[in-house]
Amino acid sequence: VFTDGDGSAVGGDYDPNTKILHLKSKVALDWIGKGPTERKMHVETDDLIYKEAEGKVYLSPWSRMTRQSTKIEARKTLVILQDGRLHRIEGDHGVGTDEREDRHTAYSADKMTALFDEDGNLVQMIGDGNARVETTRPGAHTVLTGARADLRFVLETKQKNGEEATDSELHLATAD
């Protein structure tokens, strides 16, 4: 159990002098961060190194991150925090999906970068190398490929369980 979440692993150590936490296998964490509980991110990996002083988390050799309707899987993943908030995720050979009521989106690239705003909302996803975005909606199927893809998201406020909730919605996709 830690300030911004909880989890489990098989084997681990923490060096208070260097402020480095190493979780050695079968890592499963629920990280809430500074945002609302419904935006927690579930993280799974085989090896996690958290360098607290740098605000960096290294996940290897693979990672799976799930947050609300979005799932991202990648190899050699770097998570960058700013002031304890999720700022950026970078991963090699990334694949992801986003399942919504009316749309299924799948994306992949050799190098994938996800950028978040100060409240932890996804605002941009960049895929470099063999980028692919596939979206299926009722009556439409779109496939976008290129050496680089750039996905931009807008924040939408919706009613969920009688309360307002802000969520990132895919707004624009481009490829080069």
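Before going into details, it helps to say that this report is about the structure given with it. (Residues numbered from 1 in each chain as written. Predicted model: local features only at pLDDT ≥ 70, side-chain atom pairs only at ≥ 80, totals over all residues. Heavy atoms only, no water.)

Some details on the pattern of salt bridges
Close approach of charged atoms allows side chains of opposite charge to pair. Put simply, the rule reads: Every case where a carboxyl oxygen of Asp or Glu lies within 4 Å of a side-chain nitrogen of Lys or Arg is listed as a salt bridge. A run of DSSP states H or I qualifies as a helix once it reaches four residues; a run of E qualifies as a strand once it reaches two. Both are numbered from the N-terminal end. Summary of the burial criterion: residues with accessible area below 20% of their type's maximum are buried, those above 50% are exposed, and those between are partly exposed, where the area comes from a 1.4 Å probe applied to protein chains only.
Evaluated as defined, the whole model comprises twelve salt bridges. For Glu169, the salt bridge identified is with Arg100, shortest N-O distance 2.7 Å. Of this pair, Glu169 sits in strand S12 (residues 163-175) while Arg100 sits in the loop between strand S8 (85-99) and strand S9 (104-116), placing them 69 residues apart in sequence. Accessibility classification places Glu169 together with Arg100 in one group, the buried group. Arg132 is paired through a salt bridge with Glu134; the nearest N and O atoms lie 3.1 Å apart. For Arg132, a relative accessible area of 35% puts it in the partly exposed group. Salt bridges sharing partners connect three or more residues here, namely Asp98, Arg100, Arg103 and Glu169.

A short note on the side chain of Asp98
We count it as follows: Between N or O atoms, a polar contact is any pair within 3.5 Å; within protein, one atom must be a potential hydrogen donor and the other a potential acceptor, and residues adjacent in sequence are included only when both atoms are from side chains. Here, two residues are considered to be in contact whenever any of their heavy atoms come within 4.5 Å of each other.
Position of Asp98 relative to the elements: it lies in strand S8. There is a polar contact of 3.0 Å between the side chain of Asp98 and the side chain of Ser69. Separated by 2.5 Å, the side chains of Asp98 and Thr70 make a polar contact. Filtering out sequence-adjacent residues up to four positions away, Asp98 remains in contact with Ser69, Thr70, Arg103, His104 and Thr105.

Details of the side chain of Glu169
According to the relative accessible area criterion, Glu169 is buried, its value standing at 10%. For Glu169, the contacting residues outside a window of four places in its chain are Arg100, Arg103, Arg152, Phe153, Val154, Glu156 and Lys158.

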